[in-house]
Amino acid sequence: MMQRTRRAILKDLGIVASTPLLGTFGLSLFAGEEAWAQSIGGKPLKFLSISFPHGAVNGDWEPKRLPDGSLSLLESKILAPLEPFKNRLAIFSGLGHETLKPPGSLSPTSTHAGLAASFTGLATGDSKGSSASIDFAMSQMLFKSDKVLRVGCFLSYNAAQGLDDVPSEICYSGAGDSNRLSVIAHPQKSFDRAFAAFTSSAPTPEETAKKQADENMNNLLRKQLARLEKRLKGDELNVLLKHRETIEGLGKGVNAFTCAAKPVITTSGFTAADASMAAVTQRQADVVAAALACGTVSLASIEIMSRSHGSYNMNTVITSDPLSQIKDLSPLLNSTNFHNDVAHKLSTDGNFNTEEQKAFNQSQRWYMEQVAYILAQLDKRGVLDSTLVMIGTEMGHPQHLGDAAPFLLAGGGFKMGRWFEHKAEKVQTYQHRCTPHNHLLVNVAQRFGLNVNTFGDTRFQGGLPADTRGQMLEPVL
């Protein structure tokens, strides 16, 4: 075979000597692009929202920036379980639920509406969403109907039947309680719903031959990239490495997009007790990851507990989770009403060196362990890099202040591996003016093709502005 020149390969990859790191790269090198992209209206991405309650203590949850500019999550009291995924995360600090504050006011109109506002962008004083949530809006645009798989990780399902849907606290089709959507509270029903229309068949000889040809082509490209990598330096090498990382990630998503057989997932054996919380959460995650990987679902949401499900014993929840790495549990986690006995007793004056703070951080760290489990299942099935995951909560402090609430993106769709530090101007004791999280919702909506410039609250227009370091959220793919 004729040896390809360095310049020819660079040209094919869209790289020239003076090109900086690129933010866009096509999928034309991979088989199945057309079917994959058409599956959700021409955008080669799937979407998953994940919510958890009670927020996080500012200063405790943020990552650490190392001298070389990279991030470490290990010193975060909450985000540490996500360290293996730090290069596939976009972390946002300084975003807040400014939609809950009247113009010119510091005080929110409601102390409980943040969860409903997290994915709708607006909520009323009685904790009800005031607009459609982003999952519903995207489904209407892509499918002209509601095609979202919504699951809840709660303790309140009917233990006898195990099939009761419950009202969502984050997902709405429009304003008000009558538009509150339902979530499935038991993994078996989630599985049945996700795979109701599943069909499988053996590949034809033509499909098998095409797959083998595609694999041969990809192997050839990898060998060319490996040879070229040895001959490049500086910016050219950095660009090539970035492209290779993108190619490998996208390849995972393409190769695992369909399933030859219906997956086998254990979805029984739970009881409506605190000791089943981790098992319910992780089996729901298994179902959602399998559905996204098999292509039976393109849009999903997972609610890990919720504000109204606050009477539980977090000590039992954590100690019953065989995957949890949390040690030296605070005795306050034995409370049967964590919401009132721990979260509401945290100080708002910045003096957090208390047993309540330790207990609270341990509970929120457990939520992040569940998020890490979900991301790991997506990665295991090869769809993390082709799924945009949005993770949010309702407040930046457990005393129901909507300031500086943690938000994260994971997976694909945007340039990841960065911490966006937006300004949170302290105005009074533990009260801030923040960058409205609505801008992030606009970024996500636009990434999936919605022609919008606002989301939820029309006061806040456009995507996220540059953060305090001049960084902006950049789409890829």
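This text goes with the structure placed above it.
Predicted model only: the values in this text are computed from it and were never measured. (Residues numbered from 1 in each chain as written. Predicted model: local features only at pLDDT ≥ 70, side-chain atom pairs only at ≥ 80, totals over all residues. Heavy atoms only, no water.)

## Points about the nonpolar core
A general tendency of soluble globular proteins is for nonpolar side chains to be buried together.
Consideration 1: In terms of nonpolar packing, the biggest core is built from 68 residues, with L48, L82 and W366 touching the most fellow members.
Consideration 2: Residues contacting L82, with those up to four places away along its chain left out, are L73, L89, M368, V371, A372, L375 and L408.
Consideration 3: Counting 35 residues, the second largest nonpolar core, distinct from the first, contains F47, A90, F420 and L464. (Core = buried A, V, L, I, M, F, W, Y, C linked by side-chain atoms within 4.5 Å. Buried < 20%, exposed > 50% of the residue type's maximum accessible area, 1.4 Å probe, protein only. Contact = heavy atoms within 4.5 Å.)

## Observations regarding the pattern of salt bridges
Consideration 1: Taken as a whole and assessed by the stated rule, the structure comprises 15 salt bridges.
Consideration 2: Residue E83 is joined to K86 by a salt bridge in which the shortest nitrogen-to-oxygen separation is 3.1 Å.
Consideration 3: Accessibility expressed as a relative area gives 21% for K86, which makes it partly exposed.
Consideration 4: A salt bridge links R150 to D135; its shortest N-O distance comes to 2.7 Å. Taken together, the residues span a long stretch of sequence, with R150 in strand 6 (residues 148-153) and D135 in helix 4 (residues 134-143) at a distance of 15 residues. Each member of the pair R150 and D135 is classed as buried.
Consideration 5: Several salt bridges converge on common partners, so that one network encompasses R65, E421 and R469. (Salt bridge = Lys/Arg side-chain N within 4 Å of Asp/Glu carboxyl O. Helix = DSSP H or I, 4+ residues; strand = E, 2+ residues; numbered from the N terminus.)

## Some details on the state of the cysteines
Consideration 1: With the rule as written, the count across this model stands at 1 disulfide.
Consideration 2: With its sulfur 1.9 Å from that of its partner, C259 forms a disulfide with C294. Its S-S torsion of about -85 degrees marks the bond between C259 and C294 as left-handed, since a negative value means left-handed. Here C259 is found in the loop between helix 7 (234-255) and helix 8 (277-294), whereas its partner C294 is found in helix 8, with 35 residues between them in sequence.
Consideration 3: Assessed through its relative accessible area of 22%, C259 is described here as partly exposed.
Consideration 4: For C294, a relative accessible area of 8% puts it in the buried group. (Disulfide = S-S within 2.5 Å.)

## Re the side chain of S276
Consideration 1: One can find S276 in the loop between helix 7 and helix 8.
Consideration 2: Contact partners of S276, with chain neighbours within four places excluded, come to F270 and T271.

## Brief notes about the packing of aromatic side chains
Consideration 1: On inspection of all chains with the given rule, the structure shows 6 aromatic pairs.
Consideration 2: Seen from their ring centres, F195 and F198 are 5.8 Å apart, and the 65 degrees between their planes marks the pair as edge-to-face. In this structure, F195 and F198 share a single accessibility class: buried.
Consideration 3: Among the aromatic residues, those joined into a cluster by ring pairs are F52, W366 and Y367. (Phe/Tyr/Trp six-rings, centres within 6.5 Å; stacked < 30°, edge-to-face > 60°.)

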